[in-house]
Amino acid sequence: MSGRRLLAGVALLLAFVVVSMGAWVRLSDAGLGCPDWPGCYGQLIGVPEAAHEITRAEAAFGKPVETPKAWKEMIHRYAAGTLGLCILGLAVLAWRQRARRGPWLEIVLLAVVMGQALLGMLTVTKLLKPVIVTSHLLGGMTTLAILALLWLREHRPARPAATSAGLRLLAAGALLAVLTQIALGGWVSSNYAAAICADFPTCQGSWWPEMDTHHAFTLDRELGATASGALLPGAALTAIHFTHRLFAGVVLIVVGSLGVLLCRQPLLRRHGVALLAAMALQIGLGIANVLLQLPLPLAVAHNTGAALLLCATLAAVARVFAREKARGRVPAAGFPRRFEAAR
């Protein structure tokens with residue numbers, strides 16, 4: 001296995017860990033465990049634990065030190081920093097080998113990670129503003145998706161499957177549906193709207209509850225407030241949650257249809273099975289989170305399930321759009337192609 005392939009695999013696994021840890025930090029209410037960035041109460045290594053460290057930190061930052069929450073936030077930052085170093089290594093390797101293959105996907109990935117660092121800082125300094133938290137989550141998923149594409153590029157199948165234009169269109173639609181649902185899920189999480197409906201399939205005992213879509217999807221506002229600064233009404237939280245739930249039906253239809261069609265083709269069957277399994281797991285986790293009122297392990301698993309569904313969809317889409325590998329040898333100028341095999 002080449003060094004670049006190994007590093008891409010390690011980075012992909014680490015990205016899964018970082019995405020899951022990000023959900024763990026957010027859902028355990030530790031997103032502001034450290035009031036500054038990139039350190040924690042002025043410390044780059046560790047968090048205030050000794051009595052004199054806590055006293056000094058509380059005097060400097062004007063808030064009580066919650067050591068367990070601070071450690072959660074810093075562990076996430078250390079993991080994200082390690083991932084960033086892996087991605088920097090991938091970009092350097094790709095640039096050195098640019099004569100064989102363009103390094104642009106790795107360069108884009110590096111730019112995304114730099115943007116993620118900025119969003120991580122803004123998440124703290126802007127006190128968990130929903131649009132920034134959601135953008136940070138989407139940046140993490142984008143990082144994961146590009147790493148998955150790099151991994152898939154290293155494992156491109158030699159034998160492409162016969163696919164129709166309709167199947168390719170459905171595959172593209174499935175990817176768009178999954179991406180949209182992840183964005184809606186991030187908006188639910190960043191607004192703490194997951195527990196507003198405690199029943200399923202109804203919401204607050206109604207098939208169509210009262211909703212305030214205007215305030216629900218106003219992006220430029222603070223957490224728990226409208227754009228004017230008033231308290232965000234419960235109907236807005238209901239609209240956020242219920243929209244995510246309704247769009248899950250769209251994902252079920254589009255992604256489910258793609259999975260069933262893939263299962264009918266021998267060369268694509270394993271992708272269809274993986275896609276259907278990931279979708280079923282994610283829907284099951286979503287329902288369980290509603291009925292059990294968002295226990296932390298299930299809530300984190302739901303976020304990880306979204307990452308798995310995204311990767312399964314990307315793998316299926318890449319397989320549907322796959323072309324035969326290049327032969328690796330270009331025919332000499334003026335040399336008849338029918339004699340190439342004999343060279």
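Residues numbered from 1 in each chain as written. Predicted model: local features only at pLDDT ≥ 70, side-chain atom pairs only at ≥ 80, totals over all residues. Heavy atoms only, no water.

(A) The environment of Ala161, seen in detail. Residue position: Ala161 is located in the loop between helix 5 (130-154) and helix 6 (165-190). Here Ala161 falls in the buried class, since its relative accessible area comes to 9%. Taking C-alpha positions, Ala161 is 8.7 Å from Phe321, a pair spaced 160 residues apart along the chain. What Ala161 contacts, discounting residues up to four positions off in sequence, is Leu267, Leu268 and Arg319. (Helix = DSSP H or I, 4+ residues; strand = E, 2+ residues; numbered from the N terminus. Buried < 20%, exposed > 50% of the residue type's maximum accessible area, 1.4 Å probe, protein only. Contact = heavy atoms within 4.5 Å.)

(B) Spatial organisation of a nonpolar patch on the surface. A surface patch of nonpolar side chains, about 340 Å² in accessible area, is lined by Leu44, Ile45 and Tyr78. Among the structural elements, Leu44 can be located in the loop between helix 1 (3-27) and helix 2 (51-61). With a relative accessible area of 58%, Leu44 lands in the exposed category. (Patch = residues over 30% accessible without salt bridge, like charges linked within 9 Å, V, L, I, M, F, W, Y side chains within 5 Å. Areas by Shrake-Rupley, 256 points an atom, 1.4 Å probe, with all protein chains shown as cover. Salt bridge = Lys/Arg side-chain N within 4 Å of Asp/Glu carboxyl O.)

(C) Up close: the nonpolar core. Among the nonpolar cores identified, the biggest contains 52 residues, and Leu83, Met141, Leu144, Leu147, Leu262, Leu275 and Leu310 are the most heavily contacted of them. Of all the secondary-structure elements, those providing two or more residues to this core are helix 1, helix 3 (67-96), helix 4 (104-125), helix 5, helix 6, helix 8 (234-263), helix 9 (269-291) and helix 10 (296-320). Ranked by the residues each element gives to this core, the list is headed by helix 10, at 10 residues. Listed in part, the nine residues of the second largest apolar core include Trp187, Val188, Ala193 and Ala236. (Core = buried A, V, L, I, M, F, W, Y, C linked by side-chain atoms within 4.5 Å.)

(D) Geometry of the side chain of His244. Note that His244 resides in helix 8. If near-sequence neighbours (up to four positions away) are discounted, His244 is found in contact with Gln181, Leu184, Gly185, Val188 and His302.

(E) Region of the structure containing the packing of aromatic side chains. For the structure on display, the rule yields three aromatic pairs. Relative to Phe61, the ring of Tyr41 has its centre 5.4 Å away and its plane inclined at 85°; by these criteria the two rings are edge-to-face. Here Phe61 lies in helix 2 and Tyr41 lies in the loop between helix 1 and helix 2, a separation of 20 residues in the sequence. Residue class for Phe61 comes out partly exposed when judged on its relative accessible area of 33%. Consider the rings of Trp95 and Trp104, whose centres lie 6.4 Å apart with planes at 75°: the pair is edge-to-face. Residue class for Trp95 comes out partly exposed when judged on its relative accessible area of 41%. According to the relative accessible area criterion, Trp104 is exposed, its value standing at 58%. (Phe/Tyr/Trp six-rings, centres within 6.5 Å; stacked < 30°, edge-to-face > 60°.)

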